[in-house]
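Now for the letters of each chain:
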Amino acid sequence: MTAGTGHRRAAEAIAEAVRRHLPRAQVDCCDLLADTPAWFAWTYPRLYRSLVQRCAPLWGWGYRLIDRSWVFRCVQPIRRRWNRVMGRRLLRRLREQPPDVLVATHFFPADLFASAKRAGLLSGRLVVIITDLFPHRVWFAEPAEAFVVGASPTYELCRQRGIAAQRLHLLGIPVSASFAAPLDREAALRALGLKPGRRTVLIAGGGMGVGPIAELVGRLLVMDADRAQRLQLIVVCGDHDQLRRSLDRLSRQARMPIRVFGFVETMAELMRMSDLLVTKAGGLTITEALATGLPLIICSVIPGQEQLNARYVASQGAAIMALRAPEVIDAIRRLLDDPAAVREMQERARALAFPRAAESVVERLILPLAHETA
């Protein structure tokens, strides 16, 4: 869904893996918002962006409130009917060409598909991939045949919340195979006009360019000369065009190499040529970083779904929490001066990773479910 690039990337990773295993199968990777009324498709992502950027405490309060069992029981019947109305166009298409297996990487289609199954409108098997490490109740789409989670704490919370063990699978959050593909790092850096001998810090704010990116770049540009000589930056601004233009102007006067990008489809390559990632705590971004063994400095956390993401990787030693710009700069300085600490964080990241998650979901869930319906 375009409401979150991470959800879309997880869906695309599954689609890639299905096509490798079932080259003759018809695989459709759908953006549910494209099949909703135009006013809703326009409003949904913009309202979300506005809430998390300007009213983050309010978003966090609402997120926690709806996750309470008694509140969710009151809200869910209204939510279910609303989702059915907004998604009726997609349901009409699916009824014309009934799928054998439905895979949802966002809670909106998960609930829509589950509701349609209960009503007898769809008979395909449903796999829900929870793309955050906190399993909010909106993800629990009954009657899904399988739920996929990305970490042990997520698995335990799902069990505590009543998901049966036979339907719950700790397989990891799917990422594209490109995150495990070989890369000539030196050649890739030179192709971007960067220097292989320097430490490369990748700064990314997700698809919306969230976080104190401009302030971080500004502070790094006035870093002491010795460290500045050892550092270079790659900055990904997402679809935040104003930020990209501002940083483009800054980069022309910088004393260290900087490459500035808007929205990119090459995040796998950028991560694999980097030594450190400074980012928000999005579930897919963290998962992709772990898959490449890339240490993280988490500089921004959306209240609610990203809090457990951040706590988990930080507690496991794969990330440093630094929610103020001066703390981020201090963390970069420490890691720049301590290569052994960077190597340890790389090892911790790889230990948490599920680089074959997409393949595992296909092999262990989608193929058996598809054969059941054949």
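Note that this is a predicted model, so its numbers are computed, not measured.

A. Seen up close, the overall build of the protein chain. Along the protein chain, the regular secondary structure elements total 17 helices and ten strands. Against the globule reference of 21 Å for 374 residues, the protein chain gives a C-alpha radius of gyration of 21 Å, in line with a compact fold. C-alpha atoms of the protein chain, sized along the principal axes, occupy 65 × 40 × 35 Å. Classification of the 374 residues of the protein chain by burial places 54% in the buried group. The long-range share in the protein chain, meaning contacts at least 24 apart out of those at least 6 apart in sequence, stands at 67%. In the structure as shown, the protein chain presents an accessible area of about 16900 Å², 52% of it carried by carbon and sulfur atoms. Seen as two clouds, the 52 positive and the 35 negative side-chain charges of the protein chain have centres 5 Å apart.

B. Focus on the pattern of salt bridges. Tallied over the entire structure, the rule returns 23 salt bridges. With a shortest N-O distance of 3.7 Å, Asp275 and Arg199 are connected by a salt bridge. Placement of the pair is Asp275 in the loop between helix H12 (267-272) and strand S8 (276-280) and Arg199 in strand S5 (residues 199-204), with a sequence separation of 76 residues. On the basis of relative accessible area, Asp275 is assigned to the buried category, the value being 14%. A salt bridge links Arg219 to Glu215; the nearest nitrogen and oxygen atoms lie 3.2 Å apart. Of this pair, Arg219 and Glu215 both sit in helix H9 (residues 213-221), separated by four residues, roughly a single helical turn. Relative accessible area serves as the criterion here: at 39%, Glu215 is assigned to the partly exposed category. Residues participating in the shared-partner salt-bridge network are Asp224, Asp226, Arg227, Arg230 and Asp337.

C. Highlighting the pairing of strand S2 (residues 125-129). Burial of S2 is extensive: four of the five residues sit out of reach of the surface. Pairing between strand S1 (residues 101-104) and S2: four bridges, direction parallel. Opposite Val101, over in S2, you have Arg125 as the bridge partner.

D. Spatial organisation of the side chain of Gln76. Among the secondary structure elements, Gln76 is positioned in helix H4 (residues 69-86). Of the polar contacts made by the side chain of Gln76, one reaches the side chain of Arg79; its length is 2.8 Å.

E. View of helix H11 (residues 241-251). Of the residues making up H11, those classed as buried are Leu243, Leu247 and Ser251. For H11, the angular spread of buried residues about the axis comes to 70°, placing them on one side. Residues of H11 that are buried in the fold lie against H9, strand S6 (231-236) and strand S7 (258-261).

F. Spotlight on the sheet that holds S2. Here four strands make up an open sheet; going across it, the order is S1-S2-S3-S4 and the pairing parallel. Unpaired on one side and paired on the other, S1 and strand S4 (168-170) mark the two borders of the sheet. Strand-to-strand twist of the sheet, defined as the mean angle between neighbouring strand axes without regard to direction, takes the value 20°. Summarising the sheet, S2 and strand S3 (residues 146-149) pair through three bridges and their orientation is parallel. For Val127, the partnering residue across the bridge sits in S3 and is Ala146. Across the sheet, helix H7 (residues 152-160) is in contact with S3 and S4; its angle to S4 comes to roughly 170°.

What counts as what
- Residues numbered from 1 in each chain as written.
- Predicted model: local features only at pLDDT ≥ 70, side-chain atom pairs only at ≥ 80, totals over all residues.
- Heavy atoms only, no water.
- Helix = DSSP H or I, 4+ residues; strand = E, 2+ residues; numbered from the N terminus.
- Rg over C-alpha atoms; globule rule 2.2 N^0.38 Å.
- Buried < 20%, exposed > 50% of the residue type's maximum accessible area, 1.4 Å probe, protein only.
- Contact = heavy atoms within 4.5 Å.
- Areas by Shrake-Rupley, 256 points an atom, 1.4 Å probe, with all protein chains shown as cover.
- Lys, Arg positive; Asp, Glu negative; His and termini not counted.
- Charge placed at Lys NZ, Arg CZ, Asp CG, Glu CD.
- Salt bridge = Lys/Arg side-chain N within 4 Å of Asp/Glu carboxyl O.
- Pairing = 2+ DSSP bridges.
- Polar contact = N/O pair within 3.5 Å; in protein donor to acceptor, adjacent residues only side chain to side chain.
- Arc of directions from axis to C-beta.
- Axes fitted to C-alpha atoms, helices over the stretch in contact; angles between N-to-C directions.

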